[in-house]
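Here is how the chains run, residue by residue.
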Amino acid sequence: QVQLVESGGGLVQAGGSLRLSCAASGRALSSYVMGWFRQAPGKEREFVSAISRSGGSTYYADSVKGRFTVSRDNAKNTVYLQMNSLNPEDTAVYYCAADRTVAFSDHAASSEWVYDYWGQGTQVTVSS
């Protein structure tokens, strides 16, 4: 079993940047497809980004494509989400998630039901 802890959230003004980290323990992260999700006030949890086990493939929601970049450093057991050009609509609690069994694909990795392990979330607030 893997444990996930997100960090790096905070308050930033519109147009600014933040880098979120998801640190894993208990298992080698290289075995897991990793996803980022977020939940804004009054909204359903939504997919943000996903990355394959080796980091060779990535996938982004249309709402963040071109602004966010997901990456991973398996040697550090850490996944990152670089968020640029933030706007107030990005305000949400951001969660990382891991799955060991799924074969990476855009459709599979974007489904929250695929993921077995979740972090506690980190708050991102973007002010205008």
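Topic: the state of the cysteines
What makes a disulfide is a covalent bond joining the sulfur atoms belonging to two cysteines.
Turning to step 1, where the next piece is worked out: Using the criterion set out here, one finds one disulfide in the structure.
Turning to step 2, where the next piece is worked out: Put simply, Cys22 and Cys96 are joined by a disulfide, and their sulfur atoms are 2.0 Å apart. Torsion about the S-S bond of the Cys22 and Cys96 cystine: about 55°, corresponding to right-handed handedness. Residue Cys22 is located in strand E3 (residues 18-25), and its partner Cys96 is located in strand E9 (residues 92-99); the two are separated by 74 residues in the primary sequence.

Let's talk about the pairing of strand E7 (residues 68-73)
Turning to step 1, where the next piece is worked out: Only one face of E7 is covered, namely the one carrying Phe68, Val70 and Arg72; the face carrying Thr69, Ser71 and Asp73 has none of its residues buried.
Turning to step 2, where the next piece is worked out: Bridge count for E7 against strand E8 (residues 78-83) is six bridges, and the pairing is antiparallel. Counted as the bridge partner of Val70 is Leu81 from E8.
Turning to step 3, where the next piece is worked out: Hairpin connection between E7 and E8: a loop of four residues separates the two successive antiparallel strands, and Asn77 in this loop has a positive phi of roughly 55°.

Cut-offs applied
Residues numbered from 1 in each chain as written. Predicted model: local features only at pLDDT ≥ 70, side-chain atom pairs only at ≥ 80, totals over all residues. Heavy atoms only, no water. Disulfide = S-S within 2.5 Å. Helix = DSSP H or I, 4+ residues; strand = E, 2+ residues; numbered from the N terminus. Buried < 20%, exposed > 50% of the residue type's maximum accessible area, 1.4 Å probe, protein only. Pairing = 2+ DSSP bridges.

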